[in-house]
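Coordinates in review
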There are 2 protein chains.
Amino acid sequence: MTTLHKPSPDQPRPDVAARLRQAGLRTTRQRLTLAEILFADGCDRHVTAESLFAAAAARGTRLSLATVYNCLHQFTNAGLLRIVTVDSGRAYFDTNLDPHHHFYYEKSGELQDIPAADVAVSSLPAAPEGQRISRVDVILRLDG
Amino acid sequence: MTTLHKPSPDQPRPDVAARLRQAGLRTTRQRLTLAEILFADGCDRHVTAESLFAAAAARGTRLSLATVYNCLHQFTNAGLLRIVTVDSGRAYFDTNLDPHHHFYYEKSGELQDIPAADVAVSSLPAAPEGQRISRVDVILRLDG
DNA sequence: CTCTCTGCAAAAGGTTTGCACGTCC
DNA sequence: GGACGTGCAAACCTTTTGCAGAGAG
């Protein structure tokens with residue numbers, strides 16, 4: 001049996017904990033909570049620091065906003081998240097690591113994935129001398 | 001001959017002043033200075049509020065950063081500029097209004113235009129129900 | 001003369017940092 | 001026990017706002 005004397009609301013699933021360890025991150029309570037929210041069901045998520053903080057608060061975990069920022073960057077550096085830049089003033093973090101693109105609802109600030117296959121970028125210019133293209137971002141802005 | 005008694009360093013060219021008036025904006029000293037920097041030579045420019053502020057200061061015009069922000073938004077609303085979002089935390093303004101895309105040098109923060117013709121986006125997904133695609137942004141991120 | 005723009009300072013986000021304390025291994 | 005993470009508050013940076021005074025038409 002597992003630890004029975006601590007029926008916390010953010011009881012981590014083993015795969016989430018393993019995922020953190022594989023990424024070289026210690027499995028602290030706060031990281032497990034955030035990882036659980038982000039990765040547990042395998043769905044693609046787009047979060048901001050603020051929205052993730054709210055989600056953690058909603059499930060009863062007490063942690064500070066600074067820790068959310070720290071964890072988001074640690075997860076990003078560990079290759080568990082990537083940053084989507086669609087708005088100067090707010091950073092979005094995306095759990096979907098495969099190449100893909102985004103719809104951005106400018107009114108609501110929502111993001112929606114577009115599978116890479118749905119956008120055919122058939123020709124690209126060469127990178128300038130001495131440069132390497134690290135990523136191709138396609139953003140379809142929706143004004144409705 | 002034109003006004004000789006005022007050899008100011010930001011003597012506006014007539015076309016810049018006309019451009020402001022056509023856009024429905026009063027030709028104030030500050031706007032003329034900024035418009036001169038942005039539009040005078042017809043080259044495409046990418047500025048941030050801070051860089052434009054510095055450019056204005058460099059040519060000896062005294063104006064406040066808040067005014068630069070105000071003017072940038074006024075120019076944008078008047079259709080003289082557009083915003084390029086490549087970095088959450090800083091807004092770039094682009095004098096090139098034609099459809100086109102961007103190289104973004106992540107190290108230096110520089111932007112470089114890519115003509116629309118150089119990027120062939122041959123298929124796009126349909127906009128979600130009730131939505132309209134207001135813009136397609138393609139950003140090629142360079143890490144060098 | 002009126003209406004709008006500007007300047008300033010202050011506030012408002014969002015994000016980062018420094019340091020003492022706590023906790024994972 | 002030692003290294004690493006966390007919490008808090010304060011700092012930071014970019015951007016916005018409110019209001020009094022200046023300038024354009």
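Below is a summary of the structure that appears in this document. (Residues numbered from 1 in each chain as written. Chains lettered and ligands numbered in written order. Predicted model: local features only at pLDDT ≥ 70, side-chain atom pairs only at ≥ 80, totals over all residues. Heavy atoms only, no water.)

**Quick look at the interface of chain A and chain B**
The cut-off we apply is this: The contact criterion used throughout is that any non-hydrogen atoms of two residues lie within 4.5 Å. Accessible area, probed at 1.4 Å, shrinks when two parts are joined; the buried area is that loss added up over both. Throughout this description, the term salt bridge denotes a Lys or Arg side-chain nitrogen within 4 Å of a carboxyl oxygen of Asp or Glu. Polar contact is the term for a pair of N or O atoms within 3.5 Å; when the atoms are in protein, one must be able to donate a hydrogen and the other to accept it, and sequence-neighboring residues count only if both atoms are side-chain atoms. A helix here means a DSSP run of H or I that spans at least four residues, while a strand means a run of E at least two residues long, and both kinds are numbered starting from the N terminus. For two strands to be treated as a pair, DSSP must find no fewer than two bridges joining them.
Contacts between the two partners involve 37 residues from chain A and, on the opposite side, 37 residues from chain B. For the pair chain A and chain B, the summed buried area comes to about 3,000 Å², and 54% of that belongs to carbon and sulfur atoms. For the interface between chain A and chain B, the tally reads four salt bridges. Between Asp-137 of chain B and Arg-141 of chain A there is a salt bridge, and its shortest N-O distance comes to 2.8 Å. For the pair chain A and chain B, the interface holds 14 residue pairs in polar contact (both at pLDDT 80 or more). Sorting the residues of the side of chain A that touches chain B by element identifies strand S2 (82-87), strand S3 (90-94), strand S4 (100-105), strand S5 (110-115), strand S6 (120-123) and strand S7 (133-142) of chain A as the ones contributing at least two each. With 10 residues, the top contributor of residues to the side of chain A that touches chain B is S7 of chain A. In this structure, S7 of chain A lies alongside strand S7 (residues 133-142) of chain B, joined through nine bridges in antiparallel fashion. Across the sheet, the residue bridging to Leu-140 of chain A is Val-136 of chain B, located in S7 of chain B.

**Notes on the environment of Tyr-105 of chain A**
Looking at the element boundaries, Tyr-105 of chain A is found in strand S4. Here the alpha-carbon distance between Tyr-105 of chain A and Val-86 of chain A, two residues 19 residues apart in the chain, equals 9.9 Å. The contact partners of Tyr-105 of chain A, leaving out residues within four places of it in the chain, are Glu-110, Gln-112 and Leu-142 of chain A together with Pro-128 and Gln-131 of chain B.

**Remarks on the relation of the copies chain A and chain B**
We apply this condition: What sets the superposition is a least-squares fit of C-alpha atoms, and only residues with pLDDT of at least 70 in both copies go into it.
Rotating chain A by 179° and translating it 0.0 Å along the rotation axis places it on chain B, where the RMSD comes to 0.1 Å. Between the two chains, the operation in question is that of a two-fold axis. Most of the interface of chain A is mirrored in chain B: 100% of its interface residues are interface residues there too.

**A look at helix H3 (residues 49-58) of chain A**
Residues separated by three or four positions in an α-helix point in the same direction, a consequence of the helix having 3.6 residues per turn. Residues and elements named next belong to chain A. Put simply, the rule is: Burial classification: accessible surface area is computed with a 1.4 Å probe over protein chains only, and a residue below 20% of its type maximum counts as buried, one above 50% as exposed, and the rest as partly exposed. Directions are taken from the helix axis to each C-beta atom, and the arc is the one they span.
For H3, the set of buried residues is Ala-49, Leu-52 and Ala-56. Each buried residue of H3 sits inside an arc of 70° when the element is viewed along its axis, so together they form one side. Along its buried surface, H3 packs onto helix H2 (29-39), strand S1 (46-47), helix H4 (65-77) and S3. A positive backbone phi angle near 90° is found at Gly-60, which sits one or two residues after H3.

**Section: the protein's contact with DNA strand C**
We apply this condition: A molecule or strand has a residue near it when one of that residue's heavy atoms lies within 4 Å. Under this grouping Gly is polar, as are all residues other than the nonpolar Ala, Val, Leu, Ile, Met, Phe, Trp, Tyr, Cys and Pro and the charged Asp, Glu, Lys and Arg.
By nearness alone, 22 residues border DNA strand C, and Tyr-69, His-73 and Ala-91 of chain A together with Gln-30 and Thr-67 of chain B come closest of all. Atoms of DNA strand C within 4 Å of the protein: sugar and phosphate make up 79%, bases the balance. Here a sugar or linking oxygen of DNA strand C and a backbone polar atom of Gly-89 of chain A are 3.1 Å apart. Secondary structure elements with two or more residues in the surface near DNA strand C: H4 and S3 of chain A together with helix H2 (29-39) and helix H4 (65-77) of chain B. Classifying every residue of the surface near DNA strand C by side-chain character gives six nonpolar, 10 polar and six charged.

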